[in-house]
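In case you want the letters, here they are:
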Amino acid sequence: MHEAPPTPSGPPTAPAEPLEHGLKQRHLTMLGLGGVIGAGLFVGSGAGIAVAGPAIVVSYLIAGALAMLVMRMLGEMSAAMPASGSFSVHAERALGRWAGFSVGWLYWFLLVVVLAVEATAAAQIAHGWVSAVEPWAWVLLFMVVFTAANLAAVKNFGEFEFWFASLKVGAIVVFLGLGVLAVFGWLPDTDPVGMTNLTGQGGFLPNGWAGVVSGVLTVVFAFGGLEVVTIAAAETDDPARAVGRAVRSAVVRILFFYVGSMLVIVTVLPWTAQQAGLSPYVKVLDSIGVPSAGQIMNIVVFVALLSALNANLYGSSRMVFSLAERGEAPRGLLKVSGGSPGKAGGVPRRAVLASVAFGFGSVLLNLLWPDTVFLYMLNSVGAVLLFVWALIAASQLRLRARLEREAPGALALRMWWFPYLTWLTLAGLLGVLVLMLTDADARPQVLWSAGATALVLLVAVGRQWRERKGSALTGR
């Protein structure tokens, strides 16, 4: 039996009805594997190859190592103190209410803005298949379907994500298998490729280490989404055990899929054949004679976008529910659906509707003003993921020491080489932010995201000051 983990200090939190424990271990495991595999890998990786060459493999190793370390820290805290607000709750316990408020609202804003990008991109693919249906109608259909799925029961979200993730993972496994066969010339009408493409066209480091660094800036955000695993773990029957198993299996396998895919791509084809905006997976499949490779990858990317949309809607609703539970969002969002015979309850429907309402608004902005209003919104969340990861690391530094003193039995999953790797991770995240500031394309994202973060921090500090002033006036 674990000892009770440390509890947050501060004013009493609002009582909340319990969420449904409808997710199974298979849902969580596949969410961990597939939740992070999205269009950023299948399409966006082409931009990374274009700047780093074959050394994109090193870029993915560096970015993946950062993500793996952050997930290990988050897994440690979530296994000891599972909560639907995950790192927002941990930040509040470690650093204070201002930190929990700030990271929770920033992450919620990130999810509902990115949701618009995913819905719009999926609609463009669907419009290409059925041109009679306008993109806005496809967006509406997707939003309605996934809102209904998230309103019904958490197991619906789990089932959607399980099958979506299974398709994505299966596609990568097949791709890796075909790639290896092509490298050795074991496919019909193919000759062995060998290592020629890794060493030719300027060598393994055609643009030097500067290219590797540029590659890291391009691909690091592709690992965003792993955090949803720790949010979802709170809705399993055994959160501590479930999150530990999901984190252990996810990070290593995702590194294998990402790095393995890049290694196959730059081995089968010269890196100069890739270009930003075009899927390197399609180019490889075309080169080895897979029929209709473009349409096959279109289907995979379409599923990846819908999967991300579904996961973001789920994650945003649970985050805002957790904020309401701690008095950091309107209390009305605490209402959950009631159960009945044959029907599951415990779904925070108002939190789902609040998140999807803002998501609908973001989609409209993306459709009406993609190059002005929505671009500013997108830039304002461009670097938020790095801020969230930095707060996770800072929270783990504080909570690990407190847990070792007060509840060592709760540390079922431990961060490696604590505290040295935690400090190294913080330094790495700071390094990425500094490098983004020196990059003309990435600089607006850092500056706008810093502005959004400063605004949320100002609101958090203002709320805390008003509460203290009110308590002093009433003598409490």
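Residues numbered from 1 in each chain as written. Predicted model: local features only at pLDDT ≥ 70, side-chain atom pairs only at ≥ 80, totals over all residues. Heavy atoms only, no water.

A. Layout of the overall build of the protein. The secondary structure content of the protein amounts to 19 helices and 0 strands. Along the longest, intermediate and shortest principal axes, the C-alpha atoms of the protein span 80 × 55 × 45 Å. Expressed as a percentage of the 476 residues in the protein, the buried residues total 55%. Residue pairs in contact within the protein that sit at least 24 positions apart in sequence constitute 80% of those at least 6 positions apart. By element, 67% of the accessible surface of the protein is carried by carbon and sulfur atoms, the whole surface being about 19,400 Å². Of the charged side chains in the protein, 30 are positive and 24 negative, and the gap between their average positions amounts to 10 Å. (Helix = DSSP H or I, 4+ residues; strand = E, 2+ residues; numbered from the N terminus. Buried < 20%, exposed > 50% of the residue type's maximum accessible area, 1.4 Å probe, protein only. Contact = heavy atoms within 4.5 Å. Areas by Shrake-Rupley, 256 points an atom, 1.4 Å probe, with all protein chains shown as cover. Lys, Arg positive; Asp, Glu negative; His and termini not counted. Charge placed at Lys NZ, Arg CZ, Asp CG, Glu CD.)

B. Fine view of the packing of aromatic side chains. For the structure on display, the rule yields 21 aromatic pairs. Taking 6.0 Å as the distance between ring centres and 35° as the angle between the ring planes, the aromatic pair formed by F160 and F164 counts as tilted. With F160 and F164 both in helix α8 (residues 154-183) and 4 residues apart, this pair spans about one turn of that helix. A relative accessible area of 29% means that F160 is categorised as partly exposed. (Phe/Tyr/Trp six-rings, centres within 6.5 Å; stacked < 30°, edge-to-face > 60°.)

C. Layout of helix α10 (residues 208-219). With 12 residues, α10 should reach 16 Å at 1.5 Å per residue; the first-to-last C-alpha distance of 17 Å fits that figure. Buried within α10 are the following residues: G211, V212, G215, V216, L217 and V219. Where α10 is buried, its residues meet α3 (45-52), α4 (56-80) and α18 (420-438). (Expected span 1.5 Å × (residues − 1).)

D. Spotlight on the packing of α4 against helix α17 (residues 384-406). With their axes 9 Å apart at the nearest point, α4 and α17 run at an angle of 45° to one another. With respect to α17, the axis of α4 lies oblique. The hand of the α4/α17 crossing is left-handed. Note on element contacts: α17 touches α4 through W389, I392, A393, S395, Q396, L399, R400 and L403, opposite A67, V70, M73, L74, E76, M77 and A80. (Axes fitted to C-alpha atoms, helices over the stretch in contact; angles between N-to-C directions. Parallel < 35°, antiparallel > 145°, perpendicular 65-115°, else oblique. Left-handed = near helix turned anticlockwise from the far one by under 90°.)

E. Inspection of the packing of helix α13 (residues 280-287) against helix α14 (residues 293-325) at higher detail. Between α13 and α14, the least distance of the axes is 9 Å, while the angle of their chain directions is 145°. Note on packing geometry: the crossing formed by α13 with α14 is right-handed. Each of Y281, V282, L285 and D286 in α13 lies in contact with α14, whose residues at this interface are A293, G294 and M297. Grouping the constituent residues of the contact of α13 with α14 by class yields 5 nonpolar, 1 polar and 1 charged. (Nonpolar A, V, L, I, M, F, W, Y, C, P; charged D, E, K, R; others polar.)

F. A look at a nonpolar patch on the surface. A cluster of nonpolar residues, W136, L140, V144, L364, L367, L368, W369 and V373, forms a patch on the protein surface that exposes about 770 Å² of accessible area. Contributions of two or more residues to the nonpolar patch are made by α7 (135-152) and α15 (349-368). Here W369 lies in the loop between α15 and α16 (373-380). Judged by relative accessible area, W369 falls into the partly exposed class, the value being 44%. (Patch = residues over 30% accessible without salt bridge, like charges linked within 9 Å, V, L, I, M, F, W, Y side chains within 5 Å. Salt bridge = Lys/Arg side-chain N within 4 Å of Asp/Glu carboxyl O.)

G. Summary view of helix α12 (residues 239-268). Along its 30 residues, α12 runs 42 Å from first to last C-alpha, staying within 8% of the 44 Å computed at 1.5 Å per residue. With 23 of 30 residues buried, α12 is to be regarded as a mostly interior element.

H. Fine view of the pattern of salt bridges. The final tally for this structure, using the stated rule, is 8 salt bridges. In this structure, the salt-bridge partner of R400 is E76, at a minimum N-O distance of 2.7 Å. Highlighted residues: R400 in helix α17 and E76 in helix α4, separated in sequence by 324 residues. Just as R400 is buried, E76 falls in that class too.

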